[in-house]
Amino acid sequence: MTNNIYILQTNRWQSSKVSSFVPSQQYINKAAVTTAKLYNKNNGAASRSSLNMVLKDPTKKEIMSSGGREGMFTQSNSESRRITPEDPGDRPTMKVVYVVLESQYQSSMTGAVKRINAGSENMAVECVGYLLEELRDEETFEQFKKDVADANIFIGSLIFVQELAEKVTEVVAPLRDQLDAVLIFPSMPEVMRLNKIGQFTMKNLGQSKSVVADFMKKKKQEDGSSFEEGMLKLLRTLPKVLKFLPSDKAADARTFMMSFQYWLGGSPENLESLLVMLGQDYVEPIMKNMEGKEKVKAVEPVLLPDKAIWHPVAPDLVFENNADYFNWYDKEFCPDAGIDVKTAPTIGLILQKSHINTKDDTHYVSLIAELESRGSRVVPIYSGGLDFSGPIEDYFYDAAGRTIVDTVVNLTGFALVGGPASQDHKKASKVLKRLNKPYMCAVPLVFQSFEEWQSSELGLHPVQVALQVSLPEIDGAIEPIIFAGREGATGRSVPLADRVNLLADRALKWANLGSKPAKDKKIAITIFSFPPDKGNVGTAAYLDVFDSIKAVLKQMKTEGYDIGDAPLDKQAIMESILNDPEAKISSPELNVAYRMSTEEYYDLTPYAEDLEENWGPAPGNLNSDGKNLVVYGKQFGNIFIGVQPSFGYEGDPMRLLFAKSASPHHGFAAYYTYLEKVFGADAVLHFGTHGSLEFMPGKQVGMSGTCYPDRLINSLPSAYLYAANNPSEATIAKRRSYAATVSYLTPPAENAGLYKGLKELKELISSYQGLRENEARGPAIVNSIVGTAWTCNLDKDIPTLPDVGTYDAKNDSFEGRDDIVGKVYSQIMQIESRLLPCGLHTVGVPPSAEEAIATLVNIAQLDRPEDGIESLPSVIAASIGRSINEIYRGNNQGILSEVELNDKITEAARAATRALVNQSTDSNGRVKEVKSAFDEVGNFFGGLMGQKKAWTQAIINAGFPDVDEARLTPLITYLEFCLKQIVADNELGGIMELLNGQFLMPAPGGDPIRNPDVLPTGRNMHALDPSSIPTAAAVEVSDGVVRKLLEKLRDDNDGMYPESIAFTLWGTDNIKTYGESLAQVLALVGVRPVSDSLGRVNKVELIPLEKLGRPRIDVVVSCSGVFRDLFINQMNLMDRGIKMAAEADEPLDQNFVRAHALQQAEELGVSLREASCRVFSNSAGSYSANVGLAIENGGWEDEAQLQEQFLTRKGFAFNADKPGMMEQQADLFKSALKTVDVTFQNLDSSEISITDVSHYYDSDPTKVVAGLRADGKKPMSMMADTTTANAQVRSLSETVRLDARTKLLNPKFYEGMLSTGYEGVREIQKRLRNTMGWSATAGEVDNFVFEDANGVFIEDEEMQQRLLDTNPNAFRDMVTTFLEANGRGYWETSDENIERLQELYAEVEDRIEGV
């Protein structure tokens, strides 16, 4: 039968309905023999398609040499798209130049031109085409200019990349009048304005009134259409629109719309009709040649319906309803192909219509064949525009409204609604949630050939990452797997066999989760242990892991999962995995779930031999008993709880120094092999932030089959529980290890409060306020304040604090005393109001009312001008005729009256927030339902009685009688909404939705205080559209921070500006703040980011020196590996801005960027542009300087080793002139660093501070710079703190002190942690170890910090015993840290203290060893 193989007959495009859309022989003929076998019933369920044997993997070719621009920007050549007529004779020749985003039009255009040249008597055509990205290359751009200069017709389509849109406009605009016609199909508005056909133009597009513009605007308002959707609708209503135009303009407008229809048709016949129509109607020589001759009559465009179901072997072209499709597919095709319609899973596929129009569909055919060969049904749908929501609603449900599909795979790579230009993410996620099936968005390579992608360390082209990975993620898409690319010479799409295989595997595994009964499903819960070999099993940021696992197991049991004899008790679960909470990974005390022989390991792990280069033959000595590879964990029924192995090189100084990270070790590979192939997991649930899988070596984005995250996870669906405040690393997990994330809440941030001497100080200040003018008591209190401030080591923070031995307040003036008290008060208020998360979060436990108040107070503190919301402190300050920013300034200067007022406003704001929450709090102290503060009945009676709202009354009672209740209303309404989000809880629900094969709603990650949209948690977290940062608000905030930074530096440096500042940029911080620190870099250099007409930030311009009013400050930017992965386009932006400053012809004493770059160019013998590279990071696929790893694991000999690690691993330069690579530039990195005067980082969120994680000191170059500077001088170290509305710039040592006082030394913090038991001890020790990290990298930790910590945790015998009993391993590490801090010279203390620690160490060792 003809329909049990893909029809392969040779055919030309014709206007007949039957043959126009059948695939042609050229690009499927290789598969002819094997497709017949493929659809043979006997082979129907084969696990590997025989297509794989035929469609050769193009990446197996020799890696091409690319002359230094490798792997990122297309190496294809426009000359392969140049066609000149062989024998024009006396026919006039028309030259056509076209620029397109993607290459699928290439073969159709070539076919059309050849047909005209072969068959037309009236004209010949010369044609050349360019892919948009090719215009980045200078030679190609020069050739493009020459081609347009002598062209007759210019055609452009989908020109949506700003800097390339500018290049096109730069060339075409001056030549527009001389060109006979310019046709621009959906593109940036400034390119659309180039359109010209006769008298039809779009010159006023987006500027003033026009019929077309009005129509487009109206359509957008009606249904959120994108530009392309609007144009398609315009085509359908063309007759109505043309009525309003003069007849000649109407004719030209009709030609434009007809041209657009031909273009959308995409076939050689359609494009032939387009070119003939333009030539004979608008090109002068051809028009003259046609005089007296009959014009070729325009045939109607051959168009497919706007939306339909398409199948490559269907007898009809397309099906416009699914009843017709399934009538053919289920009754004829599936029986022939051996597919059991009753039991087969069904995969919905979303296709791009232009690929079907242009017959460029091999990649689609390949995946369809792959899925069907495994016994699956497919429903491949397309849309005429870029809104796929309609076709989903029409074709993925049956007549009764039931969902037909089990998984949806979008093969266009675009956002579901709107494509590359403008998106409607809310509409998309709503449509997908109604469907409620897993939604994958696979990516075809657009700007790279396979060879370029394969040889690129960065992987997928940055523009594609922004358009086709970041934007679909905001819809809720998962798994950006590369499945196809283009063939260099013809531009045709070709499938990549192993990727198509993987995509089919993963789509079917997700479908399986939705159909398999819960009792039969096998789930592998994976927990982490970091650092390894200590009391650290079950590490996760701010998460009580074992209590949360208990909650998940309970929920699983409720839903029918087989959890066997799993204990539903936190301690029992923990002990079943550890066998002993004092476990050491290297000892048998951790429970062994499975021993894998080396024979089995090599048999089941196809890449095992590749690991031998780094680790030797298996089993090795990690996760091994010497003979077998060992998998740690415990199985309960169908649930396995396993411990993910570590990186393996944490304690190895040599491996830590490697510029690129090593492959996973055999034990790591064996773990994932066990999960997939021995245990047979249906899905893995990675539990908490974060493991090592997603940080294994490989490409940044767009994994190949040789990238380790891809090899390890292979076909396993992965759900990943990730902290909501860490969207950047969650995004790495999504992109590199194909995780679907479920966000969890971090503990609510509370005020740190005061304790011991600090509390006493506040009481003394309170007494002073009442007795200030009492000459007997006032001075005595001030003397006590000074003495206590010295005892609390506040002299480090208040340089003007008088000497306790010589000062007597009796001899001081009122003003002098007030000044001292004001400065002390200001300091302790900073400590008291500092936010800190208390305790650990348990999944599925929403915050209590008290915790909700703490979060809401912080939300209420920020102005939100974009939403028309004033902060609570602003409104209260306004009631006494003051500006809150003015009060903050006075407070920061230590003016006593302003500090008092700020404290009073803070207390009033807390009281008001408490009053709001109290009205919804139940008797258990929880908020189950938020009662509206504005319910109409209450308002009515309250109004009659003249009664104030509870929150207004709270503010009045706090001493602000004139507060404006109406002015508070927008804020209170907003806080009510936020309260609902805070107490909503879907974390358990979110986990189960993924494990049950459903669609999990997307949500942004970030700081819930800055962006309450992060709440509620339990949703699929995404980052942001990278092209949207820095936002205008972020630029404004950053300007203020830069001003404060430079003021502080000048004050401390005799009025001199610093010449160079070393900056660290983090991924999460820039997501949370919408690019504040990125904007700071640009501000220092004196360039400003500029938005394009679609609101995307992708260019910069120099601020003139006279407007800047200061010198341009040089920067050396060290980007985290995560920032590099997420924001490579922003690295490009920074590099372009810095180069712009370096090339500005300005006085060197006013442009330190240029001054340094000129020196470095001479010193290194390179060009000025090369010498001005200032943006550095790790090599692609590597993360961090490994300084944190070394310090956390004790794997370092001295500081020189740490500094060498930093220089080796972070010395890869990004260069906008060679954007395809991170190039090792150690000499340039060192040369730039040795000019640095200041090192600088940002703190943007109360949840993660500088001793909470090792990242901050891991990337701190303070001592590195001191070692490189000719004078050996240590640079100043500064930190910007934008965690509150009162943004401040402090020195690093001030920040370390503040952090220590509010966390490590604060009973509220450590008691909160200890209340969680085992995990809490580890959290306290982690902060002690990270504090020592700052000693190692910056030398900015005061001795009293270690001394006081020793007093709290070691000298207090009761505390000592609690730590030892709760987690002996973590306590041993704490003792080790104190001894190490002393041994390395970071802490001077008494011999008695050291002897006590040494004795304790021996005691703990004995306890652990069971002596």
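Each chain carries its own residue numbering, running from 1 in the direction its sequence is written. Residue-level local features of this predicted model are given only where pLDDT is at least 70; pairs of side-chain atoms are given and counted only at 80 or more, and the full residue set underlies all totals for whole chains, interfaces and linings. Side-chain numbers come from the whole structure's heavy atoms, not from hydrogens or water.

Draft legend 1. Spatial organisation of the confidence of the model for the chain. For the chain, per-residue confidence averages 86 on the pLDDT scale, and residues scoring 70 or more make up 88% of the total. Here residues 580-586 scores under 50 on pLDDT; set against residues more than four positions off or in separate chains, the count is 29 contacts. Each residue carries a pLDDT score, the predictor's own confidence in it, on a scale running from 0 to 100. Any two residues whose heavy atoms approach within 4.5 Å are treated as being in contact.

Draft legend 2. Spatial organisation of the pattern of salt bridges. For salt bridges, the criterion is a side-chain nitrogen of Lys or Arg within 4 Å of an Asp or Glu carboxyl oxygen. Going through the model one piece at a time under the given rule, you end up with 79 salt bridges. Across the pair R1112 and E1146 runs a salt bridge, and its minimum N-O distance is 2.9 Å. Pair noted here: R1112 is in the loop between helix 43 (1105-1108) and strand 30 (1114-1119) and E1146 is in the loop between helix 45 (1128-1143) and helix 46 (1152-1164), with a separation of 34 residues, a long-range link. Relative accessibility under 20% of the residue-type maximum defines a buried residue, over 50% an exposed one, and the middle range a partly exposed one, all with a 1.4 Å probe and only protein chains included. In this structure R1112 comes out as buried when scored by relative accessible area, which is 0%. Note on E1146: relative accessible area 16%, which makes it buried. Look at the salt bridges and you will find they share partners, linking R82, K95, E126, D147 and D150 into a network. Each helix corresponds to a stretch of at least 4 residues labelled H or I by DSSP, and each strand to a stretch of at least 2 residues labelled E; elements are numbered beginning at the N terminus.

Draft legend 3. Representation of the pairing of strand 36 (residues 1288-1291). Residues of strand 36 alternate between two faces, with Q1288 and R1290 on one and V1289 and S1291 on the opposite face, all of them buried. A pair of strands is labelled paired if DSSP reports no fewer than 2 bridges between them. Both strand 35 (residues 1276-1281) and strand 36 contribute to a ladder of four bridges, which runs antiparallel. Bridge pairing in strand 36 links M1279 to R1290. Adjacent in sequence and paired antiparallel, strand 35 and strand 36 are bridged by six residues.

Draft legend 4. Fine view of the packing of aromatic side chains. Any two of the Phe, Tyr and Trp rings considered here, Trp counted by its six-membered ring, make a pair once their centres fall within 6.5 Å; the pair's planes then place it as stacked at under 30 degrees, edge-to-face at over 60, or tilted in between. One pass over the structure, following the stated rule, counts 38 aromatic pairs. Aromatic pair Y325 and W328: ring centres 6.1 Å apart, planes at 55 degrees, arrangement tilted. Linking Y325 with W328, this pair stays in helix 13 (residues 322-337), spanning three residues, or about one helical turn. This pair shows no difference in class: Y325 is buried, exactly as W328 is. A ring pair is formed by W328 and F333, whose centres lie 5.6 Å apart and whose planes are at 45 degrees; its orientation type is tilted. On the basis of relative accessible area, W328 is assigned to the buried category, the value being 5%. Classification of F333 by relative accessible area gives buried; the value is 1%. One aromatic cluster in this structure is built from Y105, F185, F200, F256, F260 and W263.

Draft legend 5. Representation of helix 54 (residues 1307-1314). All of the buried residues in helix 54 are F1309, Y1310, G1312, M1313 and L1314. Buried residues in helix 54 make contact with strand 24 (835-837), helix 53 (1292-1302), helix 55 (1318-1337), helix 56 (1343-1355) and helix 57 (1357-1366). Whenever two N or O atoms come within 3.5 Å, that pair is a polar contact, provided that in protein one can donate a hydrogen and the other can accept it, and provided that, for residues adjacent in sequence, both atoms are side-chain atoms. N-capping of helix 54 is provided by N1306, with a side-chain oxygen placed 3.1 Å from the backbone N of K1308.

Draft legend 6. Molecular detail of the sheet that holds strand 4 (residues 181-184). Taken together, six strands build an open sheet; the order of strands is 2-1-3-4-5-6 and the sheet is mixed. Looking at which strands have only one partner, the edges of the open sheet turn out to be strand 2 (124-131) and strand 6 (200-201). On the sheet, helix 3 (residues 105-119) packs against strand 1 (93-100), strand 2 and strand 3 (153-157) and is oriented at approximately 170 degrees with respect to strand 2. For every element, the axis is a line fit to its C-alpha atoms; helices are fit only across the contacting stretch, and the angle between N-to-C directions ranges from 0 to 180 degrees.

Draft legend 7. Just the packing of helix 32 (residues 849-859) against helix 35 (residues 896-918), in detail. Contact geometry of helix 32 with helix 35 gives a least axis separation of 9 Å together with a crossing angle of 135 degrees. The angle between the axes of helix 32 and helix 35 places the two elements in the oblique class. The two elements helix 32 and helix 35 cross, and the hand of that crossing is right-handed. Residues A849, E850, I853, L856 and V857 of helix 32 pack against R910, T913, R914, V917 and N918 of helix 35. Gly falls in the polar group here, along with every residue not listed as nonpolar (Ala, Val, Leu, Ile, Met, Phe, Trp, Tyr, Cys, Pro) or charged (Asp, Glu, Lys, Arg). When its residues are assigned to classes, the contact of helix 32 with helix 35 shows five nonpolar, two polar and three charged. Put simply, angles under 35 degrees are roughly parallel, angles over 145 are roughly antiparallel, angles from 65 to 115 are roughly perpendicular, and the rest are oblique. Each crossing gets its hand from how the near helix is turned against the far one by less than a right angle, where anticlockwise is left-handed and clockwise is right-handed.

Draft legend 8. View of the pairing of strand 35. A large share of strand 35 lies buried, amounting to five of its six residues. Pairing between strand 34 (residues 1238-1243) and strand 35: six bridges, direction parallel. Along strand 35, the bridge assignment pairs F1240 with M1278.

Draft legend 9. Spatial organisation of the nonpolar core. For this analysis, a nonpolar core means a set of buried residues of the types Ala, Val, Leu, Ile, Met, Phe, Trp, Tyr and Cys, connected via side-chain atoms within 4.5 Å. By size, the foremost hydrophobic cluster in this structure holds 202 residues, and its most contacted members are L349, L411, I527, I549, M556, F687 and M1134. For this core, the element with the highest residue contribution is helix 20 (residues 497-515), accounting for nine residues. Core analysis: the next-biggest nonpolar cluster, separate from the first, contains 100 residues, L754, I828, F1206 and I1394 among them.

Draft legend 10. Looking closely at a negative patch on the surface. Judged by side-chain charge, D1391, E1395, E1399, E1403 and D1406 come together as a negatively charged surface patch. Its relative accessible area of 37% is what places D1406 among the partly exposed residues. Patch membership requires more than 30% relative accessible area and the absence of a salt bridge. Residues of like charge join within 9 Å; the nonpolar side chains Val, Leu, Ile, Met, Phe, Trp and Tyr join within 5 Å. Method for areas: the Shrake-Rupley scheme with a 1.4 Å probe, in which residue coverage is limited to the protein chains shown. Charged-residue counts in this description rest on Lys and Arg as positive and Asp and Glu as negative, His and the chain ends being excluded. One atom stands in for each charge, and that atom is NZ of Lys, CZ of Arg, CG of Asp or CD of Glu.

Draft legend 11. Structural view of unusual backbone geometry. The amide bond that connects L1015 to the next residue, P1016, takes the cis arrangement and shows omega of -5 degrees. Of note in this structure, K756 is not a glycine but carries a positive phi near 50 degrees. Note on placement: K756 falls in helix 29 (residues 756-771). Of note, S1184 is a non-glycine position whose phi angle comes to about 70 degrees, a positive value. Counting through the fold element by element, S1184 comes out in the loop between strand 31 (1175-1177) and helix 48 (1187-1193). Relative accessible area serves as the criterion here: at 26%, S1184 is assigned to the partly exposed category.

Draft legend 12. Here's a closer look at the environment of E133. Examined against the element boundaries, E133 turns out to sit in the loop between strand 2 and helix 4 (138-149). Separated by 26 residues in sequence, E133 and I159 place their C-alpha atoms 9.9 Å apart.

Draft legend 13. Geometry of the sheet that holds strand 18 (residues 628-636). Read from one edge of the open sheet, seven strands run 17-18-19-16-20-21-22, paired in mixed fashion. Sheet topology places strand 17 (592-597) and strand 22 (739-744) at the edges, where each strand pairs with a single neighbour. Adjacent strand axes in the sheet meet at a mean angle of 30 degrees when their direction is disregarded. The sheet contact formed by strand 20 (residues 683-687) and strand 21 (residues 718-723) spans four bridges and is parallel. For V684, the partnering residue across the bridge sits in strand 21 and is S718. Packed onto the sheet, helix 39 (residues 987-995) meets strand 16 (523-527), strand 20, strand 21 and strand 22 and runs at close to 170 degrees relative to strand 22.

Draft legend 14. Up close: the side chain of N902. Here N902 is to be found in helix 35. The class of N902 is buried, set by a relative accessible area of 12%. Residue contacts for N902: discarding those within four places in its chain leaves I887, Y888 and N891.

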